[in-house]
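Secondary and tertiary structure notes
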Amino acid sequence: MWRDWLGSLSLEQFRADYLQRMPLAHPATARAAVPMLDWNILEHVLGNGADILVVARGKLLELPAPRDADEVRAYLRIGVGLCLRHTENCHPALRKIADGFETDLGTAQVQLFVTPGGTHGFGWHYDDEDVFIAQTLGVKDYYFRANTVTTAIAAPAEFQAYPTETSTLRAATLVAGDFLYIPARWWHMAVCHETSLSISVGVRPRDQARRVA
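Residues numbered from 1 in each chain as written. Predicted model: local features only at pLDDT ≥ 70, side-chain atom pairs only at ≥ 80, totals over all residues. Heavy atoms only, no water.

1. So, the packing of aromatic side chains
Under the defined criterion, the tally for this structure stands at 16 aromatic pairs. A centroid spacing of 5.5 Å and a plane angle of 75° characterise the contact between Trp2 and Phe132, whose relative ring orientation is edge-to-face. One end of the pair, Trp2, is in the segment before helix H1 (11-17); the other, Phe132, is in strand E6 (residues 130-137), and 130 residues separate them in sequence. Here the aromatic rings of Trp5 and Phe101 are separated by 5.8 Å at their centres, their planes lie at 65°, and the arrangement is edge-to-face. On the criterion of sequence distance, the pair formed by Trp5 in the segment before H1 and Phe101 in helix H4 (residues 92-104) is long-range, its members being 96 residues apart. By the burial criterion, Trp5 is buried, and Phe101 matches it. Each residue in the set Trp2, Trp5, Phe14, Tyr18, Phe101, Phe132, Phe179 and Tyr181 is aromatic and connected to the rest through ring pairs, giving one cluster. (Phe/Tyr/Trp six-rings, centres within 6.5 Å; stacked < 30°, edge-to-face > 60°. Helix = DSSP H or I, 4+ residues; strand = E, 2+ residues; numbered from the N terminus. Buried < 20%, exposed > 50% of the residue type's maximum accessible area, 1.4 Å probe, protein only.)

2. Details of the side chain of Ser198
Assignment of secondary structure puts Ser198 in strand E11 (residues 196-205). A relative accessible area of 1% places Ser198 in the buried class. Side chain to side chain, Ser198 and Lys140 meet in a polar contact 3.5 Å long. Excluding residues within four positions of it along the chain, Ser198 makes contact with Leu37, Gln111, Leu112, Phe113, Ile133, Ala134, Gln135, Thr136, Lys140 and Tyr142. (Polar contact = N/O pair within 3.5 Å; in protein donor to acceptor, adjacent residues only side chain to side chain. Contact = heavy atoms within 4.5 Å.)

Everything listed here is a matter of geometry and, on its own, says nothing about what the molecule does.
Right, dumping it as structure tokens:
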């Protein structure tokens, strides 16, 4: 299913021209992912062992993980969101997404983001994995740019280098069904227009999937 997110690009074209090189955005190509993250699936995941981070405006908060969708909505009303990690182990639909990436590219972890309108979760950061995003609810602005200032493994201390970055700033607005790919080690952050649900798949490609410069 994830190959549909690439639109008219073949997997081979994506590997050659974009993987670990350039970002890619497509409208409406991830429509099949929309029913894979709604409030019912989120509630199922909450009760099945997800690693839950409570976040707001770039900070991890020492608040208890919500137990159901009502508690999630209560957090959203006060401007607090969630990052749920390793959710491929929590629901068969999310496991199916991870399996598709692992067949084609490499090891995959599926994260879910729940973010209230008018806020952002994590601040500017980069990941060691390639990031594939399917928006399933709401409207979210994503900002991203090449990382030219640090080659260190991703860690909060390294993210302090962001203010020195001078690479070109890029942006994409995603609505439900839209797709965005951000290469490994690119800076990125996102701001919500309205309550947002999104699927974010972190992938570490196998050596044969990478394009050698």
